[in-house]
Amino acid sequence: MGKRDLLTLSELSKRELLGLLDRAQELKQIMKLGGHHRPLEGRSLAMVFEKASTRTRVSFDVGMHQLGGRALMLKRDDLQIGRGESIPDTARVLSRYVDAILIRTFQHETVEMLAQHADVPVINGLTDKTHPCQVLADLLTCQEAFGAGVLGALRVAWIGDGNNMAHSWINAAQVLGFALTLACPAGYDPDPAIVEAACAAGADVRIFRDPAEATAGCHVVNTDVWASMGQEEEAQARRTAFADFQVDAALMARARSEAIFLHCLPAHRGEEVAAEVIDGPQSRVFDEAENRLHAQKAVLEWLIGGRAPA
Ligand code: CP
Ligand code: NVA
């Protein structure tokens, strides 16, 4: 079998996705008990970043270190791609040095091209289209809150922009079978092709205009910034379009009493989420951020270490 990459969650089987979450939970437990687990000794991860990052770069860097390997932080302008070297040549060259490549970039096609020309696994660390590694950590956080084995029975609400995070949640709903309700302002819906692919595969994914309707009775309330990286010039127009889409206490009250609030971070208090929610008792955002580390280690152990997730 050829090498595997992690470009979108929809390329994982249900068994693989649940296996990665279970392994992430085990790796978290090993770390909390002070154990050492170093299956990636002598192995390297190249991390190519064309956008800013706190969580992704630190969790992958520390994750590689804890697993016994090392990570190289390569910002676009440090590399010759900043001066026009092609993605295929960069993929071929990096493959001669490292055991896997993580990339955060703008166009999803760039990651696909890198994966196509690399001999080593490629991990999508966020594109304008998807953010699979984040949603793995989010699912781990849901599993911790509601118990192992219940993910498929959850109702998840997504409030705000139909962006890269929304797309990865739709992909996850397609693989795991939970119900996903999105509330987006007109003009900011998720990519219809991603929604249609999920629905064609039997997923229960529905789009509303009213956040209260999308949130009613859900277990998980999720949101993200109104202007993603690369959309800075649209920020003002987006503030107007999304004005009625803030997750506040009144909206949280529509969800189940045991519902949790998730946000991939960074957050803008007073815009997409009220401080009373993100800093309140239902918020799990810092557990969610921590879970990036454990989820990423499960991915690295799979793609570099060859430990099958199922
Ligand atoms: N959530 C997330 O991916 O954070 P960073 O942009 O800080 O990596
Ligand atoms: N949608 C956000 C996620 C940041 C982790 C962005 O792309 O900027």
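It should be noted that the structure appears before, not after, this text.
Residues numbered from 1 in each chain as written. Chains lettered and ligands numbered in written order. Predicted model: local features only at pLDDT ≥ 70, side-chain atom pairs only at ≥ 80, totals over all residues. Heavy atoms only, no water.

Colleague: Describe the pattern of salt bridges, naming the residues involved and giving the relevant values.
Modeller: For the structure shown, the criterion picks out 18 salt bridges. One salt bridge in this structure joins Arg76 and Glu50, with 2.4 Å as the shortest N-O distance. Here Arg76 is found in the loop between β2 (70-75) and α3 (87-97), whereas its partner Glu50 is found in the loop between β1 (44-49) and α2 (55-66), with 26 residues between them in sequence. You can call Arg76 partly exposed: its relative accessible area is 33%. (Salt bridge = Lys/Arg side-chain N within 4 Å of Asp/Glu carboxyl O. Helix = DSSP H or I, 4+ residues; strand = E, 2+ residues; numbered from the N terminus. Buried < 20%, exposed > 50% of the residue type's maximum accessible area, 1.4 Å probe, protein only.)

Colleague: If you had to explain the site of ligand 1 to someone new, which residues and values would you point to?
Modeller: What surrounds ligand 1 is the set Ser53, Thr54, Arg55, Thr56, Arg104, His131, Gln134, Cys264, Leu265 and Arg292. For ligand 1, an oxygen atom lies 2.8 Å from a polar atom in the side chain of Arg104. Here His131 contributes a side-chain N or O atom positioned 2.8 Å from an oxygen atom of ligand 1. A total of 260 Å² of accessible area belongs to ligand 1 in isolation, and the protein chains cover 95% of it. When its residues are assigned to classes, the shell around ligand 1 shows 2 nonpolar, 5 polar and 3 charged. (Near = heavy atom within 4 Å. Polar contact = N/O pair within 3.5 Å; in protein donor to acceptor, adjacent residues only side chain to side chain. Areas by Shrake-Rupley, 256 points an atom, 1.4 Å probe, with all protein chains shown as cover. Nonpolar A, V, L, I, M, F, W, Y, C, P; charged D, E, K, R; others polar.)

Colleague: Talk me through the site of ligand 2; I want residue IDs and the actual numbers.
Modeller: By nearness alone, every residue bordering ligand 2 is listed as Leu126, His131, Asn163, Asn164, Asp224, Val225, Ser228, Met229, Cys264 and Leu265. Within the side chain of Ser228, one N or O atom sits 2.7 Å away from a nitrogen atom of ligand 2. Across the complex, the protein chains shield 95% of the 270 Å² of accessible surface that ligand 2 would expose by itself. Across the shell around ligand 2, the residue classes tally to 5 nonpolar, 4 polar and 1 charged.

Colleague: Run through the packing of aromatic side chains, naming residues and quoting values.
Modeller: Two aromatic rings are characterised by how far apart their centres lie and by the angle between their planes. Tallied over the entire structure, the rule returns 4 aromatic pairs. When the centroid spacing of 5.8 Å and the interplanar angle of 15° are considered together, the rings of Trp226 and Phe242 count as stacked. Of this pair, Trp226 sits in the loop between β8 (220-223) and α9 (235-241) while Phe242 is found in the loop between α9 and α10 (249-252), placing the two residues 16 residues apart along the sequence. The class of Trp226 is buried, set by a relative accessible area of 6%. With a centroid separation of 6.4 Å and an interplanar angle of 75°, the aromatic rings of Phe242 and Phe245 are classed as edge-to-face. Considered together, Phe242 and Phe245 belong to a single accessibility category, that of buried residues. Three or more aromatic residues joined by ring pairs make a cluster, and in this case those are Tyr188, Trp226, Phe242 and Phe245. (Phe/Tyr/Trp six-rings, centres within 6.5 Å; stacked < 30°, edge-to-face > 60°.)

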